[in-house]
Amino acid sequence: MPDRHRPETTGAPVLLSVRDLNAWYGESHVLHGVNMEVRKGEVVTLLGRNGAGKTTTLRSIMGIVSKRTGDIEYEGKDLTRLPMHVIGRSGIGYVPEERGIFASLSVDENLLLPPVVRPGGMTVEQIYALFPNLQGRGSTQGTRLSGGEQQMLAIARILRTGMRLLLLDEPTEGLAPVIIEQIGVAVRALRERGFTIVLVEQNFRFASQLADRHYIMDEGKVVDMIPASELAKNSERLQRYLGV
Amino acid sequence: MTEFLSVAPQVLFGQLLVGLINGSFYALLSLGLAVIFGMLNIVNMAHGAFYMLSAFLGWLLLTHTGLGYWWALVLAPLTVAALGIALERCLLRHLYRLDPLYSLLFTFGIALILEGAFRHYFGVSGQAYPIPELLKGGHNLGFMFLPTYRAWVVVFSMAVCFGTWYAIERTRLGAYLRAATENPTLVQVFGINVPVMISLTYALGVGLAGLAGVLAAPIYQVSPLMGSNIIIVVFAVVVIGGMGSILGSILAGLSLGILEGLTKVYYPEASNIVVFVVMALVLMVKPTGLFGKEH
């Protein structure tokens, strides 16, 4: 039987590999051996019902959930024993579900906050070209932006830093369709620029238009992997996983 | 010369100056408390003890090594800041996951230990600390006599206070600090070493108390009780300004010092309680303090 959790060989090197990841919130065991791989330049989604462990997987990769076992390798380097700020500096950018825009900082300060960790980040002009809504809002308090603009700012601020792998946690949550469309355009543009993206989504329509592969999570595990090309013939299987 | 509400101008301006001096110390001390509370969520009860410790360090430097005021102004706050780092890294750090009450009690214990030790070795009677040569004397302004040292204290503390305000509110490092106050985890995920930043913030806060201690040495006597004498008022100032508000603590410190001075002129009996009356009024009208943000 073919290993469903391994990606098809695209030739690109593996950027992030997660093996047998277990994680706990206090006493509660929430991840039960997550396995996944992300290759350079791919857009990969984590799909699954509420509580399946998608957000926890991202938080465990970043070290925010610190009680965890298993292997997390980024560019061949083990991350599990590194403190959070070193994981951040290794080149992984994280956009949390709640967006994390700082109220005591202006839009400009939010945008310029994350330090540049590697060369090759986008310039502020390039970022404004990608997210025109942010232009001219520099001195506005960060949290006075609309929900969609805050989401754009949350993505925008890590593009400057030279981080090459982006973990986006439900970027479309609670946004109007027209804004979701704009976020989609931006994510596509980022993929074309060579960013590697892991997308946690509830909005399957949005995810299906962007991703190369879909990992399906259930009860703290990756239970399946469906490449975008096989989505059509597997829609029933997918419904079963995601259906309520 | 005209009198102000039947008070001679010399008396009025004299007390205003005293108020301004006290206000400068309130501002420096409450600024440090605000920085520490804002970032670490710790009510640093040891603040007054660090202020006293620094004044003593200055006095010990002078009496044991002959190093004078200017050396003390640099070395004593740095030593206090270094002690602050050691305290934060070795002890305080373990209390962050607990209720803030634990760190309050812990720092209160540190204050009692420091004060008790100095009482034991130096007694409660104050030690005099001379005004440095350069700042002796004063100027007759016509309506009052302005001692040079006191003018220096006011100007220097204001410069330090607004310098700190500028660094926190207007620079990139300050943006890290403000962001980490809101969401330390996310700031650390961005690659910033937040634990080190927390240590340095605590060091900055107690270092400011240390600076106030050396500045105070030639004005008040250097005594083990000088910290606990001033710290209760400073806590009231912090509450009035708004817990954690940088600008609030500076402005409240200065204006309450002046208010205290004016009360000494017009109704001396109330001068010791006026700050607390204001605190009660502010708490009734705006519980988050004049500059505090709603949470």
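Right above here is the structure, for reference.
None of these values were measured; they are calculated from a predicted model. (Residues numbered from 1 in each chain as written. Chains lettered and ligands numbered in written order. Predicted model: local features only at pLDDT ≥ 70, side-chain atom pairs only at ≥ 80, totals over all residues. Heavy atoms only, no water.)

Quick notes on the sheet that holds strand β4 (residues 68-74) of chain A
Residue and element names in this part refer to chain A.
Then comes step 1: Overall, antiparallel pairing links the four strands, which are arranged β2-β1-β4-β5 in an open sheet. Of all strands in the sheet, those bounded by a partner on one side alone are β2 (28-39) and β5 (77-78).
Then comes step 2: Of the pairings in the sheet, the one linking β4 to β5 comprises two bridges and is antiparallel in character. Paired with Y74 across the bridge in β5 is K77.
Then comes step 3: Across the sheet, helix α1 (residues 54-62) touches β1 (14-25), β2 and β4, and the angle it forms with β1 is around 105°. (Pairing = 2+ DSSP bridges. Helix = DSSP H or I, 4+ residues; strand = E, 2+ residues; numbered from the N terminus. Contact = heavy atoms within 4.5 Å. Axes fitted to C-alpha atoms, helices over the stretch in contact; angles between N-to-C directions.)

Re helix α4 (residues 100-122) of chain B
Note: α-helices contain 3.6 residues per turn, so residues at a spacing of three or four share the same orientation.
All names here are of chain B.
Then comes step 1: Taking 1.5 Å per residue as the helical rise, α4 with its 23 residues ought to reach 33 Å, and the 33 Å between its terminal C-alpha atoms agrees with that figure.
Then comes step 2: All of the buried residues along α4 are S103, T107, I110, A111, L114, E115 and F118.
Then comes step 3: The elements touched by buried residues of α4 are α2 (47-65), α3 (69-90), α8 (194-216) and α9 (226-241).
Then comes step 4: N-capping of α4 is provided by D99, with a side-chain oxygen placed 2.9 Å from the backbone N of L101.
Then comes step 5: Directly after α4, the chain includes G123, whose backbone phi takes a positive value near 70°. (Expected span 1.5 Å × (residues − 1). Buried < 20%, exposed > 50% of the residue type's maximum accessible area, 1.4 Å probe, protein only. Polar contact = N/O pair within 3.5 Å; in protein donor to acceptor, adjacent residues only side chain to side chain.)

What about the packing of α3(B) against α8(B)?
Residue and element names in this part refer to chain B.
Then comes step 1: In the contact formed by α3 and α8, the axes pass within 7 Å of each other and the chain directions differ by 145°. Crossing geometry of α3 relative to α8 is assigned as right-handed.
Then comes step 2: Its residues assigned to classes, the contact of α3 with α8 comprises 19 nonpolar, four polar and two charged. (Left-handed = near helix turned anticlockwise from the far one by under 90°. Nonpolar A, V, L, I, M, F, W, Y, C, P; charged D, E, K, R; others polar.)

Quick word on the side chain of Q151(A)
Then comes step 1: Its location among the elements puts Q151(A) in helix α5 (residues 147-159).
Then comes step 2: Every residue in contact with Q151(A), bar those within four places of it in the chain, is listed here: V95(A), R99(A), E170(A), P171(A), L175(A) and I183(A).

A closer look at the packing of aromatic side chains
All names here are of chain B.
Then comes step 1: Counted under the stated rule, the structure contains twelve aromatic pairs over all chains.
Then comes step 2: Residues F56 and F122 carry aromatic rings whose centres are separated by 4.8 Å and whose planes lie at 35° to one another, so their mutual orientation is tilted. With F56 in helix α2 and F122 in helix α4, the pair connects residues that are 66 residues apart, well separated along the chain.
Then comes step 3: Residue F56 is classed as buried on the basis of its relative accessible area, which comes to 0%.
Then comes step 4: Residue F122 is classed as partly exposed on the basis of its relative accessible area, which comes to 25%.
Then comes step 5: Their ring planes at 15° and their centres at 4.6 Å tell us that W152 and F156 sit as a pair that is stacked. Remark: F156 and W152 occur in helix α5 (residues 148-170); sequence separation between them is four residues, near one turn of the helix.
Then comes step 6: Looking at W152, the relative accessible area reads 21%, which means it is partly exposed.
Then comes step 7: We classify F156 as partly exposed; its relative accessible area is 22%. (Phe/Tyr/Trp six-rings, centres within 6.5 Å; stacked < 30°, edge-to-face > 60°.)

Overview of the interface of chain B and chain A
Then comes step 1: At the junction of the two partners, chain B supplies 17 residues and chain A supplies 25 residues.
Then comes step 2: Taken together, the two surfaces of chain B and chain A that pack against each other cover about 1,800 Å², and 63% of this comes from carbon and sulfur.
Then comes step 3: The largest share of the area that chain B buries against chain A comes from E182(B), V189(B) and F190(B), three residues that together contribute 35% of it.
Then comes step 4: Linking chain B with chain A are one salt bridge.
Then comes step 5: Across the salt bridge formed by E109(A) and R178(B), the nearest N and O atoms sit 2.8 Å from each other.
Then comes step 6: Where chain B touches chain A, the interface holds nine residue pairs in polar contact (both at pLDDT 80 or more).
Then comes step 7: Only α6 (172-182) and α7 (184-189) of chain B provide two or more residues apiece to the side of chain B that touches chain A.
Then comes step 8: Tallying contributions element by element places α6(B) first for the side of chain B that touches chain A, with six residues.
Then comes step 9: Of the residues contributing to the side of chain B that touches chain A, the split by class is eight nonpolar, five polar and four charged. (Buried area = accessible area lost by both parts, 1.4 Å probe. Salt bridge = Lys/Arg side-chain N within 4 Å of Asp/Glu carboxyl O.)

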